[in-house]
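Given next are the chains, with one letter for each unit.
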Amino acid sequence: MLDNPDHKNEERMSPMATSRRGFLKAAAMAGAAVSFGTSIARANGEIGFWAKDLTDQQLTDMFTTILRIRWHERTMADKMLTDPEYRGYNHFYAGQEAVATGVCAALRNSGGVMQADLAYSTHRPTGHALAKGVDMKLMAAENDFRATGLNGGYAAEMHLSDPEVGFMGADGMIGPGPVIATGSAFAIKARGSDQVVVNFGGDGTYATPHFHSTLNNAALLKLPFIYVLENNLYHQYAHYSYSCPMKDIADAAAPYGIPGIVVDGQDVIQVYNAAKTAVDRARAGEGATLIEAKTYRYYNHWGAPGAKPGELGAFGYDPLAISSFRPEREVRAWMQRDPVDIARKIMIDWGVIDAARAEGIEASVKQEVADAFAWAAEQPLCKPEDGLRHVFVEGTVEARQFG
Ligand SMILES: Cc1ncc(C[n+]2csc(CCOP(=O)(O)OP(=O)(O)O)c2C)c(N)n1
Ligand SMILES: [Mg+2]
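Residues numbered from 1 in each chain as written. Chains lettered and ligands numbered in written order. Predicted model: local features only at pLDDT ≥ 70, side-chain atom pairs only at ≥ 80, totals over all residues.

Hey, could you go over the overall build of the chain for me, with residue numbers and the actual values?
In terms of helices and strands, the chain carries 13 helices and eight strands. A total of 403 residues make up the chain; the buried ones form 42% of that total. (Helix = DSSP H or I, 4+ residues; strand = E, 2+ residues; numbered from the N terminus. Buried ≥ 20, exposed ≤ 12 C-beta atoms within 10 Å, placed from the backbone.)

What follows is the structure, given as structure tokens:
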């Protein structure tokens, strides 16, 4: 009887089996409905859909990162304003902290170039570097051209890099960076690795040919690539409407057939959600995404004109602002939606930390930043005779003949 196929069939069709299958079927349908409902909710911008899955520790780390960037930038600005010994002349990231933090929280930030996700940065690199995991002390020393800095004092702000955490470098040129980044994404795909490449770029990169060839190649080759365009409204001293015919630069993704997402760059949770979706998509082999984060920088383009020591932001007329003037009210309006305040409120509202703990974190961050700059200031300076080291190969090189 046992071998009778009909019996087997009967067994399969027993009331118990039927009801179990029915249950599983119903459960599967319910699961599908929930997941469908969730994707609709996500598509409708439900607040914090991915971030809700993060542990309290991960959320606290995000808040801490935002604060570390904020106090690093403020301290660097104060240094520039008050310390004649300080040699760095930096581009500040204050105001944009939630972008770097939200994006890098969705990335793998260790394992070196062959395993970590890779981030390519800009002329405004310090926020990206800290969020990716670059050591603050070593970076502060590097920015001040110290021999024991992150890159031996050769790089300074414009060429900071730390491949160990996948921070592939700042870049002084507006445009070519993303082409190099897509090259990395191509290499990753060719190697069969599951790494993802993020390119940070400003609104100023939109009108370069590199921006378009980057999206074209990323789409064409279905690369694991994310272009995070930080639209802080200005490139140097020109409003982005001078060089971009669209309100949303994310619309530029449409002709290349890849998602173009606009996100509130002041809200770290929203940035994280968009980044996580794009990273999952890239890792799954589904290709590239363009994310436009609407944001604002609190200081002027370069250096600290208009800033006062101990105060956040720069106001007033920047003598270099020949084409567009940033009205003080515009700066203040953006400061009302401050990424630090927004993150703090979310953490407290969600019950992740309380106000006292938030204050405690801020106090220890301030101390960490002060210690980092104090350590950097004591480091040996580069010597002029070191200038040509690492330029030519030392010793002899065997003559080679080709062909
Ligand atoms: C090829 C090139 N052209 C011009 C410059 C001068 N430059 C430095 S930063 C900048 C504007 C960058 O604006 P954006 O991309 O919006 O970044 P933001 O400074 O706003 O962060 C320009 C034109 C440059 N560095 N490289
Ligand atoms: Mg800009």
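The discussion continues.
So what's going on with the environment of Ala-207? Which residues, and what values?
Relative to the helices and strands, Ala-207 resides in the loop between strand 3 (197-202) and helix 9 (209-220). Looking at Ala-207, the number of C-beta atoms within 10 Å reads 17, which means it is partly exposed. With 32 residues separating them in the primary sequence, Ala-207 and Gly-175 have C-alpha atoms 8.7 Å apart. If we skip the residues at most four places from it in the chain, Ala-207 touches Ser-243 and Cys-244. (Contact = placed C-beta atoms within 7 Å.)

For the sheet that holds strand 3, give the residues involved together with the corresponding values.
Taken together, the six strands give an open sheet; going across it, the order is 2-1-3-4-8-7, and neighbouring strands pair in parallel fashion. Bordering the open sheet on either side are strand 2 (167-169) and strand 7 (260-264), each of which pairs with just one other strand. Between one strand axis and the next, the sheet turns by 20° as a mean value, whatever way the strands run. Bridging between strand 1 (residues 118-120) and strand 3 involves three bridges; their strand directions are parallel. The residue bridging Tyr-120 from the neighbouring strand is Asn-199, located in strand 3. Set on the sheet, helix 10 (residues 268-283) makes contact with strand 4 (225-231), strand 7 and strand 8 (289-294); between it and strand 8 the angle comes to about 170°. (Pairing = 2+ DSSP bridges. Axes fitted to C-alpha atoms, helices over the stretch in contact; angles between N-to-C directions.)

Give me the lowdown on the nonpolar core, citing residues and values where you can.
With 95 residues, the main nonpolar core has Val-103, Phe-225, Ile-226, Val-228, Val-271 and Ile-291 as its most contacted residues. When residues of this core are assigned to their parent elements, the largest contribution, 10 residues, is made by helix 3 (residues 56-82). Ignoring any residue separated from it by four or fewer positions in sequence, one finds Val-228 in contact with Val-99, Val-103, Val-198, Asn-199, Phe-200, Ile-291 and Ala-293. (Core = buried A, V, L, I, M, F, W, Y, C linked by C-beta atoms within 7 Å.)

Give a detailed account of the pairing of strand 8, specifying residues and quantitative values.
Of all six residues making up strand 8, six are buried, and the element is well covered by its neighbours. A two-sided burial pattern is seen for strand 8, the buried positions comprising Thr-289, Ile-291 and Ala-293 on one face and Leu-290, Glu-292 and Lys-294 on the other. Where strand 4 and strand 8 come together, six bridges link them in parallel fashion. The residue of strand 8 that forms the bridge with Asn-231 is Lys-294. Regarding the hand of the β-α-β motif, the stretch spanning strand 7, helix 10 and strand 8 is right-handed. (Right-handed = clockwise from strand over helix to strand, strands pointing away.)

Explain the packing of helix 3 against helix 12 (residues 339-349) residue by residue, including any values.
With their axes 10 Å apart at the nearest point, helix 3 and helix 12 run at an angle of 160° to one another. Here helix 3 is positioned roughly antiparallel relative to helix 12, judged by the angle of their axes. Like other packed secondary-structure pairs, helix 3 and helix 12 cross with a definite hand, here left-handed. Of the residues in helix 12, those touching helix 3 at Leu-59, Met-62, Phe-63, Ile-66, Leu-67 and Arg-70 are Pro-339, Val-340, Ala-343, Arg-344 and Met-347. For the contact of helix 3 with helix 12, the class distribution of residues is nine nonpolar, no polar and two charged. (Parallel < 35°, antiparallel > 145°, perpendicular 65-115°, else oblique. Left-handed = near helix turned anticlockwise from the far one by under 90°. Nonpolar A, V, L, I, M, F, W, Y, C, P; charged D, E, K, R; others polar.)

Give me the site of ligand 1: which residues, what numbers.
Residues in contact with ligand 1 amount to 15 residues; listed here are only the nearest, Ile-174, Gly-202, Asp-203, Gly-204 and His-235. When its residues are assigned to classes, the shell around ligand 1 shows three nonpolar, 10 polar and two charged. (Near = placed C-beta within 6 Å.)

Residues and numbers for the pairing of strand 4, please.
Counting buried positions over the seven residues of strand 4 gives seven, a clear majority of the element. Of the two faces of strand 4, the one lined by Phe-225, Tyr-227, Leu-229 and Asn-231 and the one lined by Ile-226, Val-228 and Glu-230 are each fully buried. Pairing of strand 3 with strand 4, which is carried by six bridges, proceeds in the parallel orientation. Bridge pairing in strand 4 links Val-198 to Ile-226.

Please provide a residue-by-residue account of the packing of helix 3 against helix 4 (residues 97-104), values included.
Where helix 3 meets helix 4, the axes come as close as 9 Å, and the angle between the chain directions of the two elements is 140°. The angle between helix 3 and helix 4 falls in the class oblique. When the axes of helix 3 and helix 4 are compared, the crossing they make is right-handed. Contact residues: helix 3 offers Met-62, Thr-65, Ile-66, Ile-69 and Arg-70, while helix 4 offers Glu-97, Ala-98, Ala-100 and Thr-101. Broken down by class, the residue content of the contact of helix 3 with helix 4 amounts to five nonpolar, two polar and two charged.

Could you give an account of helix 4, naming the residues involved and the relevant values?
The element helix 4 is extensively covered by neighbouring structure, given that eight of its eight residues are classed as buried. Among the residues of helix 4, those classed as buried are Glu-97, Ala-98, Val-99, Ala-100, Thr-101, Gly-102, Val-103 and Cys-104.

I'd love a proper account of unusual backbone geometry, names of residues and values included.
Non-glycine residue Ala-156 carries a positive phi angle of around 55°. Inspection of the secondary structure puts Ala-156 in helix 7 (residues 156-159). Given 21 C-beta atoms within a 10 Å radius, Ala-156 is considered buried. Despite not being glycine, Leu-233 shows a phi value in the positive range, around 75°. Structurally, Leu-233 is set in the loop between strand 4 and strand 5 (234-235). The class of Leu-233 is partly exposed, set by 18 C-beta atoms lying within 10 Å.

Keep in mind that these numbers describe shape and distance, not what the molecule does.
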